[in-house]
Amino acid sequence: MASLSHLLFALTPRAGQRHHVFLLPKQTPPQVINVIASLVEKVERLLREGKPDPHTSCTIGDDLIVVGTIVNQPTTGRPAFEWLCLYSPALSQLPELTRSRICQFLGEKFPELQSWIEQQEWTNVSGEAVPCALIQRWLAELSEFIPKSLIDLSHESPQLSTSVSPRKRRAIQMAAVLIVVVLAAGLATG
């Protein structure tokens, strides 16, 4: 059994009256939303302060690779970030060429995600997260970029370790392990 080795997710501010909604792989347990929510500020800071690749609009951090843009919320007209993010504690251990390939991959997929967002009927959306088959498929494809040798139980998100109590952190870690098991089972059967 492995810990949360990597997670692909997105955030759109264009989900009708709900405004901001996470887009997650199908069958993601609800507990993962806490993990993702703890990364939002870090993702958006990277988008604001990072230096995006001029070809892919992708920004690389220590444990995040993000491609995103500012869009207008259709219901309010306010600008907000819309993005696609790969989180992995192993990213800093990957060769620069591999990180660049992941950037290119996400940059190529982002317009498809934006098209999917624009085609959705958001009036019936409830909750903070919506399953997205595209993200499920891309997560499986991204698994090829990250060597299995970098998946290690000792990895944990630095942000989680400093922002929550040890008891809650343990609960989040257990949820993360469950997510990986569920995703692995889904990929094996899918």
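Our structure is the block above this text.
Scope of this entry: the structure provided in the associated data block. Keep in mind that what you see is a predicted model, and the values were worked out from it rather than measured.

## A short note on the state of the cysteines
Covalent bonding between the sulfur atoms of two cysteines defines a disulfide.
Step number 1: Under the definition given, this model contains 1 disulfide.
Step number 2: Two residues share a disulfide in this structure: C58 and C103, whose sulfurs sit 2.4 Å from each other. Classification of the bridge connecting C58 and C103 rests on its S-S torsion, roughly -90 degrees, and on that basis the disulfide is left-handed. One end of the pair, C58, is in strand β3 (residues 58–60); the other, C103, is in helix α2 (residues 96–119), and 45 residues separate them in sequence. With respect to class, C58 is no different from C103; both count as buried.
Step number 3: Counting only cysteine sulfurs, C58 is the nearest neighbor of C85, a cysteine outside any disulfide, at a range of 9.3 Å.
Step number 4: The buried category is assigned to C85, whose relative accessible area is 0%.

## What about the pairing of strand β1 (residues 7–12)?
Step number 1: In terms of residue burial, β1 counts as a mostly covered element, since 6 of its 6 residues are buried.
Step number 2: Burial along β1 is two-sided: the face carrying L7, F9 and L11 and the face carrying L8, A10 and T12 are both buried.
Step number 3: When β1 meets strand β2 (residues 21–24), the two strands line up antiparallel, connected through 3 bridges. Residue pairing in the sheet places L11 in a bridge with F22 of β2.

Reading guide: rules and limits
Residues numbered from 1 in each chain as written. Predicted model: local features only at pLDDT ≥ 70, side-chain atom pairs only at ≥ 80, totals over all residues. Heavy atoms only, no water. Disulfide = S-S within 2.5 Å. Helix = DSSP H or I, 4+ residues; strand = E, 2+ residues; numbered from the N terminus. Buried < 20%, exposed > 50% of the residue type's maximum accessible area, 1.4 Å probe, protein only. Pairing = 2+ DSSP bridges.

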